[in-house]
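Reading the structure
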Amino acid sequence: MADREERRFAEVSRDSVKLMAESAGVDLGDDVAALLAEDVCYRLREATQSSSQFMRHAKRRKLTVEDFNRALRWSNVEAICGYGAQDGLPFRSVKEGELFFVEDRDVNLVELALATNIPKGCAETMVRVNVSYLDGKGNLEPQGAVPTAVQSLSDDLLKYYQQITRAILGEDPHLMKVALLDLQSNSKIAALLPYFVYVISGVKSVSHDLEQLNRLLHMVKSLVQNPYLYLGSYVRSLVSSVMYCILEPLAASINPLNDHWTLRDYAALLLSHIFWTHGDLVSGLYHQILLSLQKVLSDPVRPLCSHYGAVVGLHALGWKAVERVLFPHLPAYWANLQAVLDDYSVSNAQVKADGHKVYGAILVAVERLLKMKALSLSQPAEGATNAQSGSVMGAMGYRVSSPGLSPPPEPLSEAALGIASHLQAGGAGCPWEEWTPVPLPAMYCELYSFFGDSLAVRFSTGPGFGSYPPCTPSQLSDTRKEPSGPASNPDTTRKMPQLTANLNISPRQDGSPRTDPPPPSLAATGSGRTLARSSSVQRSRSSSSRSGQRSTGLSRDVFPKARFTSPQTGLPAFSFLIGGRQMGRRCQGRRPFQTTFAPTPPFSTIPPRAYAHKLPVIGRVGKPVRRWTCSHYSLHLPL
Amino acid sequence: MAAVQSGVGDGVEEKDIKTEPPTDGFGNNANDGRVLSSSPGSSAPAASGKPAAGGTPEDQQTLLAVLQFLKKNKLTESVEILRREAGLPEDAQDAKGADSSGSGGAAGSVDLEGGDASALLSRVTVSSSAAAQAPTKAAEDQPDVNVVLSAYSQQGDPALYEVYYSGLKRFIETVLDCHRAELSQVFYPLFVHMYLELVYNNHENEAKAFFEKFSGDQECYYEDDLRVLSSLTKKEHMRGNETLLDFRTSKFVLRISRDSYQLLKRHLQERQNNQIWNIIQEHLYIDIFDGMPRSKSQIDAMSGSLAGEAKREANKAKVYYGLLKEPEIELPLDDEDEEAENEEGKPKKKKPKKDSMGSKSKKQDPNAPSQNRIPLPELKDSDKLDKIMYMKEATKRIRLGTDNLPSICFYSFLNAYQGLTAVDFTDDSSLIAGGFADSTVRVWSVTPKKLRKVKSAADLNLIDKESDDVLERIMDEKTASESKILYGHSGPVYGISFSPDRNYLLSSSEDGTVRLWSLQTFTCLVGYKGHNYPVWDTQFSPYGYYFVSGGHDRVARLWATDHYQPLRMFSGHLADITCTRFHPNSNYVATGSSDRTIRLWDVLNGNCVRIFTGHKGPIHALAFSPNGKFLASGATDGRVLLWDIGHGLMVGELKGHADTVYSLRFSRDGELLASGSMDNTVRLWDAMKAFDDLETDDFTAATGHVHLQDNSQELLLGTYMTKSTPVIHLHFTRRNLLLAAGAYNP
């Protein structure tokens, strides 16, 4: 009987009773506890039995806490408070004690009492009639269908909706600001959410109008920041709208004068913001975003602005995303990008300028990847218990201090990592599971082989560089600070003259029409030749072009600047040089290069600079050597 | 609360019968069968020597017992009142005193069991007196419980219980097939009582073992009760458990043919199986009939209630199920019709046709109660107008049938996150009201006409009272809105009912009150207190003025709107009253209960005139057919049962719903029955066929044995899915359009 009963009912064991008594400061004997336990069980069953009556009369199938409390109240037992929450209460276990408990967080009552975010926007209870069956015929609706107009709007809400959308999409910027602010703080617009989401999904129809797109994105931002709105599954819709702005070759981008790049940057930041604040509402969201970004990135047919969007999107989602998606794709993508960058034909000028944008974005992304990866690696060495949690904490600190989206989401990246690791477990993307992180040194080597000294992050400078790969964490922690640390300063200052020379090139290639470019060839080739002789010098020179700029501002300002100036400057000069040198041994160089990427250890002994000169090969495969001169000249023509 | 339910009428009657089996058992062994089957009052030897002052001897006896008790407790005033009310002469109670002692003596002299008999008698006296007093003093509950439970105190060897039970089981398994089904009925009550006896005498382990061993043998429809039983393992638990107290106080009724009963008796006597025999004597009421033993299916159809089947006597009373004659309002009708006649020349021809099918204005239904059996409110002018409207609508009514099914409109309550618990439509389908779990009542107008309040008193003074449209002028146009919310309850509103004249709305709630709301001012007029426990349902009489309510306290109450105390209390149900319905002639009230029975009560005298058993779960829906002859009931088991009120018989079983049936409604002409359920469907049944088949069938009224054919599928005319919305109310408009209502909750 006993075991049968246990199967039938929830039993309260003697031990539980004793524990509870103990916690109340009463010491119970075994027999008393047993008696009590039995009685408690019985009373529980009795209450459950009578609570089911309240359920039946409420014409429900689900027994609620309220039902149970009513039953208790009618049998003169105090009701149980604190379990009325709509969402399920997580039931946790403690392994050591075989204890199970309901998670019971502290609630700040003062905050709760003073909070005004009581959801009021609920649509009113109403009766709607529909003719279901005419003359007993016609099963008009399939089973499981849902009545239409489950939520309909009161007149006030409708008016509000019209005013707000009109203000946001209208001409008056001041009005727009007010509207956005209200959207951000209004607590009663829950019922309107689907409508706003619908409006926002209109991005697809205004892709020619950057201004409108911008406004819609601002609307997204306001909705996302509204603390009273529960976005629920609408997150997905919002994300898809934002992704549209990031990734699609907008009609507006046909005109090079339109600054759709800023829009994409903004949308990317917004994406990361949505993801950070509401990513938990939709399971697998992170995965889906990454997958779609990856798809765009790996699609060579897509225009460069889409690729740019993918890169900034990944960047905004955090270094982990960059590591997972961008980094593995880089070798393949590099080839395409290089081809674009190396095409100096007039017709390609615009595309090339776009390519430089992409290049810059990638550079910024990987630089932060390296920096953050080093940081995350060094964290345990510094004694933190958990690198991830530590960095998450740090990230939260950042997040709080960053109002809106203005600062680059560097801190967010790690937070994203935290969530990402959750999502990875539940995500469906199989390829992701096979992914193994590339160790930092190998990654650095590889990236260095692409960017050479364009990389602002360095883990070792000077002659000791060759011995870098097998470096220990302690070394890393030392080198981590190096990019901005004073140790690098002598290096960068030393290279300053060359930096300026490179900068001269940049405005022209950037596509800005006003500057008259000085012929770069002499300086570039000249220095290049010397570098060819001494690779260590070459590396420091071209990299200093970037680090030098960077030293003028904080690392945060890197993105915009780098985008407009540096990446293009370094690379062309760099490639010219190597290309000239390279041609002779092109065939030798390419093969080892391609095989190098995945297994790094064998190559770790080879200093990364060995790749540096092979780099242009990717972009230049099959091209005649004289090509560069022609294209070089051709550059002048459109500008 | 057990005491409350046995307070008046029926309960006392049951107590009284308790004296009977022991007397039979010890005194009249030879002819006990006959005695048992005869009426309880005449069989009681104590009653024989009494002066027949009024009412049946049995009533008399009860009254005297009560009087004696009151006197003993020096409640002289109550004694006076009771005597005056009952019309007893002054010396009646003295006679009673002598009588009781005399009967005790007689019993002693007759069968040498005097001590036992008088002990029994005293127990009866105590319990019935406690029952009479308990409604006023809840503290008196305890002795009553003890009395009830003390019936278990006789000790048997706990180890032998299993032997006894399995011995009986073996015997019943070996009897002839024709008897087996009947005798198997004994198992369940025997099992429960033996188990409780073990528990009561603190043989916890034996009780568990006993339960373990034999619970699997019981019929599946007792599963719920067994679950309650199995959780009860301590004597202390029995005290507070009302379900079990009911099991004690009321006798489990079995219907067994004489042959089968003789078989059982002989077996038990041969085996000297006193334990079982005692239980049968004390706690079972065996209703013996002559004739063929019933089949298993026949038994299963009728059993399932908490306390067994209804005694046949319980359903013998005459019920005036016919409809009242409609008041003569032909003249205004003709006036009205003349106007309408200009368009359509036939209304006069249609009218007689309607009369024939509605059977409302027939000369006088032989089965109808006299017009003034219960006083009904006078018709007001507005009521007459409404009647005229009704008749005009009725002429346009669609005649439904198997090949002419109604159209169905579904009223979805949207955004009803607070929980919709009850719905009602007005008869003319112009208003819909919803009761909600957040204690509110909301009224909507489903016509373009908006809801308006009457103007304030100050404003009312200003209007011209002589004007023709004064009724229009008193309304405050500013308050016009599509819906109104009525605040007042402090618990979920479980029952709701419009008055026929649409001026009032009733709501019953978990807070123990029934409230009357004015639909003119949209304010609460009266809070009727009396139930003290959740009131599950309430309904207005079809003639207004009266209403009935029933709830957790197992007592249905009849109220009049202008009395703050109930006019009648109908007690007898063994568990919560879950639904209440007025008979179309307003003379009877039907109540459905969680004890899985339906009772029909006479409004005039408060008697229970019908007990219908057969449902296997709590009953949540009731509906009278428009002609008043039949009753339909739906329960949590998803079955709908049809009852013939006049004969007190089950006449049909409609199987098809997969979940609780929350709503039942006959079409206006009674041709179709619509049922709405939690399984998100509305089903239409051919009521005509269901009843016709039976009328052609030879009623086995004499024996009360029904033999139902399983023809649910033939009777089912259609199944209609809603949009994921449970159906909690159904309503046929006056033109036979079916309206359904429910709340959509994602």
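Residues numbered from 1 in each chain as written. Chains lettered and ligands numbered in written order. Predicted model: local features only at pLDDT ≥ 70, side-chain atom pairs only at ≥ 80, totals over all residues. Heavy atoms only, no water.

Looking at the sheet that holds strand 30 (residues 729–732) of chain B
Going by this rule: Following DSSP output, two strands are said to pair if at least two bridges run between them. Working definition: helices are DSSP H or I runs of at least four residues, strands are E runs of at least two. Numbering for both runs from the N terminus. A fitted line through C-alpha atoms represents every axis, and for helices the fit uses only the stretch in contact; the resulting angles, taken between N-to-C directions, go from 0 to 180 degrees.
Spatial strand order, 3(A)-3(B)-31(B)-30(B): four strands in an open sheet with mixed pairing. In this open sheet, the two strands that pair with only one neighbour each are strand 3 (126–133) of chain A together with strand 30 of chain B. When strand polarity is set aside, the average angle formed by the axes of neighbouring strands in this sheet is 20 degrees.

Considering the side chain of Arg 452 of chain B
Residue and element names in this part refer to chain B. Stated precisely, the cut-off is as follows: Here the term buried applies to any residue with accessible area under 20% of the maximum for its type, exposed to any over 50%, and partly exposed to those in between, with areas from a 1.4 Å probe on protein chains only. Whenever two N or O atoms come within 3.5 Å, that pair is a polar contact, provided that in protein one can donate a hydrogen and the other can accept it, and provided that, for residues adjacent in sequence, both atoms are side-chain atoms. Pairs of residues are marked as contacts when any of their non-hydrogen atoms sit within 4.5 Å.
Here Arg 452 shows up in strand 7 (residues 451–454). For Arg 452, a relative accessible area of 13% puts it in the buried group. At 2.9 Å, the side chain of Arg 452 and the side chain of Glu 477 are in polar contact. If we skip the residues at most four places from it in the chain, Arg 452 touches Glu 472, Met 475, Asp 476, Glu 477, Thr 479, Ala 480, Gln 520 and Phe 522.

What about the pairing of strand 6 (residues 441–445) of chain B?
Taken residue by residue, a regular strand's side chains alternate between the two faces of the sheet. Residues and elements named next belong to chain B. Judged by how many residues are buried, strand 6 sits mostly within the fold: five of five residues are covered. The side-chain alternation of strand 6 yields two buried faces, one formed by Val 441, Val 443 and Ser 445 and the other by Arg 442 and Trp 444. Judged from the five bridges that link them, strand 5 (residues 431–436) and strand 6 form a sheet pairing that is antiparallel. What sits directly across from Leu 431, in strand 6, is Ser 445. Where strand 5 hands over to strand 6, the hairpin turn is made up of four residues, of which Ser 439 adopts a positive phi near 75 degrees. One ladder, built from four bridges, connects strand 6 with strand 9 (residues 483–486); its direction is antiparallel. What sits directly across from Val 441, in strand 9, is Leu 486.

Examining a nonpolar patch on the surface
Formally: Residues enter a patch when their relative accessible area is above 30% and they make no salt bridge; the linking distance is 9 Å between like charges and 5 Å between nonpolar side chains (Val, Leu, Ile, Met, Phe, Trp, Tyr). Exposure was quantified through the Shrake-Rupley algorithm and a 1.4 Å probe, taking into account, for residues, occlusion by the shown protein chains and nothing else. We define a salt bridge as a contact between a side-chain nitrogen of Lys or Arg and a carboxyl oxygen of Asp or Glu at a distance within 4 Å.
On the surface, Val 32, Leu 36, Val 40 and Leu 44 of chain A cluster together into a nonpolar patch covering about 270 Å² of accessible area. In this structure Leu 36 of chain A comes out as partly exposed when scored by relative accessible area, which is 37%.

Things to note about the confidence of the model for chain A
All names here are of chain A. The condition is simple: Every residue carries a pLDDT, the predictor's confidence in it, which falls somewhere between 0 and 100.
Per-residue confidence for chain A gives a mean pLDDT of 64; residues scoring 70 or more make up 54%. Low pLDDT, under 50, characterises residues 1–6; the stretch is placed with eleven contacts to residues that sit more than four places away or in other chains. The low-confidence segment residues 461–639, where pLDDT is below 50, has 238 contacts with residues more than four positions distant or belonging to other chains.

A look at the interface of chain A and chain B
Which entries qualify depends on this criterion: Defined in terms of a 1.4 Å probe, buried area is the accessible area two parts forfeit on being brought together, summed over both.
Across the boundary between the two partners, chain A contributes 50 residues, which contact 64 residues of chain B. Overall, the association of chain A and chain B removes approximately 5300 Å² of surface from exposure, summing both partners, and the carbon and sulfur fraction of that is 53%. Counting across the chain A and chain B interface gives three salt bridges. In this structure, the salt-bridge partner of Lys 234 of chain B is Glu 38 of chain A, at a minimum N-O distance of 3.2 Å. Where chain A touches chain B, the interface holds eleven residue pairs in polar contact (both at pLDDT 80 or more). In terms of residue count, helix 3 (residues 30–57) of chain A provides more of the side of chain A that touches chain B than any other element does, twelve residues in total.

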